[in-house]
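Residue-level structure breakdown
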Amino acid sequence: MAVIVQKFGGTSVANAEKIRAAARRAVEAKRGGYDVVVVVSARGHKTDELVELAKEITSHPRPREMDMLLSTGEQESVALMAMAVHELGEEAISLTGAQIGVLTDTTHTKARIVSISTKRMQELLKAGNIVIAAGFQGVDAEMNITTLGRGGSDTTATALAAVLNAELCEIYTDVEGIFTTDPRLVPEARKVEHISYDEMLELASLGAGVMHSRSIEFAKKYRVQLRVRPAYSDGPGTLIAPESDEVTSVVTGVAFVRYEAMITLVGLPDQPGVMSTLFSSLSAAKIPVDMVVQNVAREGTANVTFTVAEDELPDALTVANAAAASLQAQDVVATTGLSKVSVVGHGMQTHTGVAARMFQVLAAHGINIRVVTTSEIKISVLIDRSRCNDAVQAAHSGFELNKVTSSLPQVGCASNGHRSGSVDVASPELTADIVSRLDSMESIVVSDITADIDQSRVTLSNLPDDPGIAEAVFTAIAEGGVLVDMIVQNAARDGQATISFTVPRSDLDCAILLLREVMETYAGSIVTSDRRIGKISVAGIGLRSHTEVGARMFRCLAANSINVEMINTSELKLCVVISANEADLAMTQLRSEFGLDTNV
Ligand code: ADP
Ligand code: ASP
Ligand code: MG
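This section reports on the structure supplied with the text. These numbers were taken from a predicted model, which means no experiment stands behind them. (Residues numbered from 1 in each chain as written. Chains lettered and ligands numbered in written order. Predicted model: local features only at pLDDT ≥ 70, side-chain atom pairs only at ≥ 80, totals over all residues. Heavy atoms only, no water.)

Some points on unusual backbone geometry
A positive phi angle is found at Thr109, which is not glycine, with a value near 70°. For Thr109, the location among the structural elements is in the loop between strand S4 (102–104) and strand S5 (113–116). (Helix = DSSP H or I, 4+ residues; strand = E, 2+ residues; numbered from the N terminus.)

Here it is, written out as structure tokens:
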């Protein structure tokens, strides 16, 4: 019989009435001929309450005991849900993570799933039961209870759907489906009918809390059909599935992280190995880094800026201080009170002017951009927290996301190409083959490494730190129809900002001409360029959240004395700009580092 997994979030099981409604859905599916597995979260704000309770006892609860505590929330829900199903006249049995056989690693509060045994669930389903599984929890090899991180029940549900080969995994929640942004913040946000795994993975990883980003990694890796649906009505929700060829809008959604912090290491030696040391230390502490910016070195020293979620700041600072000491940096500066706002969409790969429009709408609202980074399907900006809501609303209306088909900026006249690297994403077959050989369900998947040696870098420095600078630069470039690929704007120091970006080499002279007027406006600004750069992309699934991928990439480059000029990260790709002369060496070394066949 076909299996269906239904997951109910906290608000959808908050009280007896809602538990009964959820049980009715499960029973309906069972009577409709499915084998049903229900995954349940803790009721309402239970997990938050447990966190608060722990804080009343100690400011430093040990992670093992936190997991023991937090797992009780889901244990309560599964028992109640099973009772509700019994009341409706069907057989049901509740199981904790340990009873299902969800084996995880030992990283308490952020554990990753190693394997799930299906035996007990299969037997119970065969015997006619609805299986009610506790979300968010598992056990390590020593039988210590672990949890998967906040929001982790989505990941339990998709992982169960993957191992049970379920026909569908339904995520029941308190909204109609996936919206163009958080409908709580932007009431005009529009529900989308479907969204690709890649876009959803990026949105979730960049702050769209509606789905745990690791659940989308599972869905993509194991090809699980996911439908996010309202628990309170019969709305069809949103299908999360492989990308369709049809691109209706350039930007699919806006995500934000309200509490973001930035750390800058000042005065680092400009030599290979700096990024490697920093990333290795952050990775060892399991701190995911998102925006990473390294400025072009001046007088032999460079600054590196990266952002982390604000609640990770104390740990990240400890790591940064240690790395700074070993690298002999001059200073470590932390900035709080920031937010990160990102726009995500496949259409960006082929349309010019997306960055320009983003910067225009922010400038029109007088929002100063502190840092910019991009990847092929997203643009992220770091801004003051006081402007977070304004920026999200401005981006949402600036890209006309309330409309089904927004007006697309025209494809540029310059080289009319795709953004580099956009067409070489590894095939589903190759990914499936790699996934089938993983030793642990959540092991990283690096499916391809490619080099693009047809790009050039442009850097503008000595720019004032004012709203509207990025707009002026990228509007000028977009008007010439040049497709910009990577963009990095550094945190300003001493009131001066630096912006670097890459363009197809055939458009470099055109881009520099287009910038002439901007440079005249900002007296003292300087343009430099590097005609022959190599952009190396490591493609896979969940690359940013698997912090060790960046660490391994930088370690490998450093071991081969390759200097990194620019970096961008996404869940799908990590890219670095290096000298074109070193591209071949970098490719060979990275392919062997990640175990990819060098003859491909
Ligand atoms: P659950 O308890 O069901 O897991 P969550 O609170 O984790 O629910 O997620 C649902 C919430 O996610 C919504 O109430 C909504 O405010 C928020 N959200 C953030 N971004 C989005 C988005 N792009 N689309 C839909 N909801 C979003
Ligand atoms: N109860 C957990 C949390 O609140 C897991 C979840 O709801 O997905 O984070
Ligand atoms: Mg959730």
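Quick word on the sheet that holds strand S6 (residues 130–134)
Read from one edge of the open sheet, eight strands run S3-S6-S2-S1-S9-S11-S12-S10, paired in mixed fashion. What marks the edges here is a single partner per strand, and that holds for strand S3 (92–95) and strand S10 (194–196). Sheet twist, expressed as the mean angle between neighbouring strand axes with direction ignored, is 20°. Two elements, strand S1 (residues 3–8) and strand S2 (residues 35–40), share six bridges in a ladder whose sense is parallel. Of the residues in S2, the one forming a bridge with Val3 is Asp35. Its contacts with the sheet put helix H1 (residues 16–31) on S1, S2, S6, strand S9 (168–173) and strand S11 (226–230), and the angle it makes with S1 is roughly 175°. Sheet strands in contact with helix H7 (residues 197–205) are S10 and strand S12 (238–241), and its direction is about 80° off that of S10. (Pairing = 2+ DSSP bridges. Axes fitted to C-alpha atoms, helices over the stretch in contact; angles between N-to-C directions. Contact = heavy atoms within 4.5 Å.)

Some words on the site of ligand 2
In the neighbourhood of ligand 2, the contacting residues comprise Ser41, Ala42, Thr47, Glu74, Phe136, Arg150, Gly151, Gly152 and Ser153. In this structure, Glu74 approaches ligand 2 through a side-chain N or O atom, which is 2.7 Å from a nitrogen atom. Its free accessible area being 260 Å², ligand 2 has 86% of it covered by the protein chains. Its residues assigned to classes, the shell around ligand 2 comprises two nonpolar, five polar and two charged. (Near = heavy atom within 4 Å. Polar contact = N/O pair within 3.5 Å; in protein donor to acceptor, adjacent residues only side chain to side chain. Areas by Shrake-Rupley, 256 points an atom, 1.4 Å probe, with all protein chains shown as cover. Nonpolar A, V, L, I, M, F, W, Y, C, P; charged D, E, K, R; others polar.)

As for the site of ligand 1
Lining the immediate environment of ligand 1, one finds 17 residues, of which Thr173, Asp174, Phe179, Asp182 and Arg184 sit closest. Contacts to ligand 1 include Thr173, whose side-chain N or O atom sits 2.7 Å from an oxygen atom. Relative to its unbound accessible surface of 580 Å², ligand 1 loses 85% to contact with the protein. Partitioning the shell around ligand 1 into residue classes produces seven nonpolar, six polar and four charged.

What to know about the sheet that holds strand S24 (residues 573–579)
Read from one edge to the other, the open sheet built from 12 strands follows the order S14-S15-S13-S16-S18-S17-S20-S21-S19-S22-S24-S23, with strand pairing classed as antiparallel. Bordering the open sheet on either side are strand S14 (292–294) and strand S23 (566–569), each of which pairs with just one other strand. In this sheet, adjacent strand axes meet at a mean angle of 25° when their direction is disregarded. Bridge count between strand S22 (residues 526–541) and S24: seven bridges; the pairing is antiparallel. Pairing of Lys535 across the sheet is with Val577, part of S24. Along the sheet, helix H10 (residues 313–327) makes contact with strand S13 (253–269), strand S15 (301–309) and strand S16 (331–344), crossing S13 at roughly 25°.

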